[in-house]
Amino acid sequence: MKTNKSKFPFVLVNMAMTADGKIATANRAVSSFASARDHEHLLELRATADAVMAGARTVDSAPINLGPGPARYRKKRLQRGLGAYNLRVIVSRSGSINLRAQVFQHRFSPIIILTTRRVDARRLKQLQALADVVKICGRNEINFRAAFRWLRKRWRVKRLLCEGGGELNDAVFRAGLVDELHLTLCPKIFGDRRAPTIADGRGFSHLAAAERFRIKSARRIGDELFTVFERTSRT
Ligand SMILES: NC(=O)c1ccc[n+]([C@@H]2O[C@H](COP(=O)([O-])OP(=O)(O)OC[C@H]3O[C@@H](n4cnc5c(N)ncnc54)[C@H](OP(=O)(O)O)[C@@H]3O)[C@@H](O)[C@H]2O)c1
């Protein structure tokens, strides 16, 4: 199990993607389209992570709690010397997260919201009442390098699993903080240029700036391809 000795956590991104590179349909109605095996893979990765992170639209678009799942995964965590439950991190620039999202209804582990000064005072109070910590990490944009340093130092997060969506992933890729990408390729086509992909924010405008990875492993299971990419350099 790889962790970073640096001041940042070792960051993994895990996503399921159609053969045409989409992570949901354009209307966001379908985002769960991979196999039960892929879901197990997600839980296996969660069982290696100190914290699991997702963007506001991912958290409020589906009934997810970002937790370790069934007891056998909690047992694996304990065998690895981790706490039974992972920390949960939600990212929201404006604080627009649905206050009734499922994630807030499960109190098994701390919930940390990373946000910015854009959040107005009323909303900030609402979020503070729901989450264990609301951390302001920038004026208009989140400084992910500072946020991740803080997660490592304050919360001892050595392995951080980022579960999307595309907008959040893009920012973490751009910050040069993704060490490993777990991508499950599913034999479906969603089409539509408005459908989200694994990295959808501002992106890189020239090749030299692009983040670079190499294939670490690729394994076909059933009808899906489970791939792992590792970053070739670190800034
Ligand atoms: N197939 C898969 O493996 C998979 C995995 C995850 C998600 N999905 C799907 O992907 C879709 C969601 O993806 P998405 O790209 O639309 O949303 P997302 O990245 O989950 O969330 C976007 C929101 O997160 C916050 N955010 C993102 N980047 C930020 C940054 N750099 N700084 C501060 N806040 C940031 C913002 O919240 P505020 O608006 O509150 O500021 C933004 O509106 C859903 O349909 C979901 O089900 C699929």
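Heads up: these notes are all about the structure in this document. Residue positions within a chain follow its written sequence, with the count starting from 1. It should be noted that, the model being predicted, local features are given only for residues of pLDDT at least 70 and side-chain atom pairs only at 80 or more, the latter also being counted only at that level, while totals for whole chains, interfaces and linings use all residues. To obtain the side-chain values, all non-hydrogen atoms of the structure were used and water was disregarded.

**Brief notes about the overall build of the protein chain**
In plain terms, the rule: We count a stretch as a helix when DSSP gives it H or I for four or more residues in a row; a strand needs E for two or more, and each element gets its number in order from the N terminus. Each radius of gyration is computed over the set of C-alpha atoms, and the globule rule expresses the reference value as 2.2 Å times the number of residues to the power 0.38. Here the term buried applies to any residue with accessible area under 20% of the maximum for its type, exposed to any over 50%, and partly exposed to those in between, with areas from a 1.4 Å probe on protein chains only. In this description, contact between two residues means that some pair of their heavy atoms is separated by no more than 4.5 Å. Positive charges are assigned to Lys and Arg, negative charges to Asp and Glu, while His and the chain termini are left out of the count. Every charge is mapped onto a representative atom, which is NZ of Lys, CZ of Arg, CG of Asp or CD of Glu.
Each helix and strand counted, the protein chain has six helices and nine strands in total. Relative to its length of 235 residues, the protein chain is compact, with a C-alpha radius of gyration of 17 Å against a globular reference of 18 Å. When the backbone C-alpha atoms are referred to their principal axes, the protein chain occupies close to 45 × 45 × 35 Å. By the burial criterion, 47% of the 235 residues in the protein chain qualify as buried. Expressed as a percentage of contacts within the protein chain between residues at least 6 apart in sequence, the contacts between residues at least 24 apart total 69%. Counting 45 positive and 20 negative side-chain charges, the protein chain places the averaged centre of each group 7 Å from the other.

**Topic: the site of the ligand**
Where we set the bar: Each residue is tested against the molecule or strand, and it is near if at least one of its non-hydrogen atoms lies within 4 Å. Between N or O atoms, a polar contact is any pair within 3.5 Å; within protein, one atom must be a potential hydrogen donor and the other a potential acceptor, and residues adjacent in sequence are included only when both atoms are from side chains. Per-residue and other accessible areas were derived by the Shrake-Rupley procedure at a 1.4 Å probe size, with only the shown protein chains allowed to occlude residues. All residues other than Ala, Val, Leu, Ile, Met, Phe, Trp, Tyr, Cys, Pro, Asp, Glu, Lys and Arg, Gly among them, are scored as polar; the first ten of these are nonpolar and the last four charged.
Around the ligand sit 27 residues in total, of which T58, S92, S94, S96 and E167 are the nearest. Here S61 contributes a side-chain N or O atom positioned 3.4 Å from an oxygen atom of the ligand. With the chains in place, 91% of the 910 Å² that the ligand exposes on its own is no longer accessible. Put simply, the parts of the chain that give the shell around the ligand at least two residues each are β1 (10–18), α2 (56–61) and α6 (166–174). A per-class count over the shell around the ligand returns eleven nonpolar, eleven polar and five charged.

**Here's the deal with the pairing of strand β3 (residues 87–91)**
Put simply, the rule is: A pair of strands is labelled paired if DSSP reports no fewer than 2 bridges between them.
With five of five residues buried, β3 is to be regarded as a mostly interior element. Burial along β3 is two-sided: L87, V89 and V91 and R88 and I90, pointing in opposite directions, are all buried. Relative to β3, strand β2 (residues 51–55) runs parallel, the two being bridged by five bridges. Its bridge partner being in β3, G55 is matched across the sheet by V91. Direction of pairing for β3 relative to strand β4 (residues 111–115): parallel, over a ladder of four bridges. Its bridge partner being in β4, V89 is matched across the sheet by I112.

**Examining the nonpolar core**
Soluble globular proteins tend to bury their nonpolar side chains together. To keep things clear, this is the line we draw: For this analysis, a nonpolar core means a set of buried residues of the types Ala, Val, Leu, Ile, Met, Phe, Trp, Tyr and Cys, connected via side-chain atoms within 4.5 Å.
Counting 35 residues, the largest nonpolar core has M53, L114, F144, F148, L151 and V172 as the members making the most contacts within it. Elements that contribute at least two residues to this core include exactly β1, β2, β3, β4, α5 (144–155), β6 (159–162), α6 and β7 (180–186). Ranked by residues supplied to this core, first place goes to α5 with six residues. Those residues in contact with L151 that sit more than four places away from it in its chain are V89, I112, R156, V157 and L160. V52, V119, L124 and L127 belong to the second largest nonpolar core, which has 22 residues in total.

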